[in-house]
Amino acid sequence: MSDTAVHRGIQKACIWAGPVMGALFVTGFVIAGFFPPPSPNQSAAEVAAMIDRDRTSIRIGIIICLASCPLLMPFLASFTIQMRRIEGARPILAYTQLALGALATIEFVIPYVFMLASTYRPDQHPDVTRALFDLSWFFFLGVVCTFVLQLAVFGVAVLSDRHRPPIFPRWLGYLNLWLAMAFTPASFLVFFKTGPLA
């Protein structure tokens, strides 16, 4: 097998890491019972009772989610390689995207750790349990700045491509810029405990 075929195979495996991660994440969240996410308006006693009732399934589901986290990095690295092709000798957007991808991978791990910590001690005070649970959701849903910039950087790279034909279709660049704007309101979740924005 030629080196080119080997490298192409590795890149395909990295691209497939993304869908595998997504499948593991959905599976884990379904097992944990977090589809749809629990209401942020629950009392400490209600959160503690939910965790006490579903402790084992939450643990199993979140462990599966944790196992999915490392798969994000090879998936994002595969985009970095293509962005380098677009930018040529000075791939600043590609390297920015790669650094943001490493940070995003860590940001996925942190909320899952807090979710597991909320299940760790059955005898802990309900206020502590809810605080850990709240922290997990703030990290998971509220820390979007990394992803917003990542989407924007990729969108700009796609739209600046001068190859004929382009490496990525132009609509993908516009879609990423739109997604960057669409995710931004999640930063304001701290203001809502009820309603559609909670």
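Residues numbered from 1 in each chain as written. Predicted model: local features only at pLDDT ≥ 70, side-chain atom pairs only at ≥ 80, totals over all residues. Heavy atoms only, no water.

If you trace the backbone, Phe-35 turns up in the loop between α1 (3-32) and α2 (44-68). Judged by relative accessible area, Phe-35 falls into the partly exposed class, the value being 46%. With near-sequence residues (within four places) excluded, Phe-35 lies in contact with Phe-25, Val-26, Phe-29 and Val-30. (Helix = DSSP H or I, 4+ residues; strand = E, 2+ residues; numbered from the N terminus. Buried < 20%, exposed > 50% of the residue type's maximum accessible area, 1.4 Å probe, protein only. Contact = heavy atoms within 4.5 Å.)

Moving on to the layout of surface pockets. What the largest pocket holds in volume is close to 1600 Å³. For the largest pocket, the lining is made up of 47 residues, of which Phe-140, Leu-141, Val-144, Phe-183 and Ala-186 are closest to its centre. Every element with two or more residues in the lining of the largest pocket is listed here: α1, α3 (72-87), α4 (92-120), α5 (126-142), α6 (145-159) and α7 (170-183). Examining the composition of the lining of the largest pocket, we find that eight residues originate from one element, α5, more than from any other. Broken down by class, the residue content of the lining of the largest pocket amounts to 35 nonpolar, eight polar and four charged. (1 Å grid on protein atoms, 1.4 Å probe; cavity = no way out; pocket = protein on both sides within 12 Å on 5 of 7 lines; lining within 4 Å. Points joined across faces, edges and corners; volume = space filled by probe spheres on them. Nonpolar A, V, L, I, M, F, W, Y, C, P; charged D, E, K, R; others polar.)

Another aspect to go through is the nonpolar core. Core analysis: the biggest nonpolar cluster contains 21 residues, and Phe-29, Phe-34, Ile-62 and Tyr-112 have the highest contact counts within it. If you list the elements that add at least two residues to this core, you get α1, α2, α3, α4 and α5. Sort the elements by how many residues they give to this core and α2 lands first, with six residues. Within the second largest apolar cluster, nine residues are counted, among which are Ala-94, Val-153, Ala-157 and Phe-168. (Core = buried A, V, L, I, M, F, W, Y, C linked by side-chain atoms within 4.5 Å.)

Further remarks concern the packing of α2 against α5. Two measures define how a pair of helices packs: the angle their axes make with one another and the distance between the axes. Running from N to C, α2 and α5 cross one another at 80 degrees; their axes reach a closest spacing of 8 Å. When the axis of α2 is compared with that of α5, the two are roughly perpendicular. For the pair α2 and α5, contact is made by Ala-44, Ala-45, Val-47, Ala-48, Met-50 and Ile-51 and by Pro-126, Asp-127, Thr-129, Arg-130 and Phe-133, respectively. Across the contact of α2 with α5, the residue classes break down as eight nonpolar, one polar and two charged. (Axes fitted to C-alpha atoms, helices over the stretch in contact; angles between N-to-C directions. Parallel < 35°, antiparallel > 145°, perpendicular 65-115°, else oblique.)

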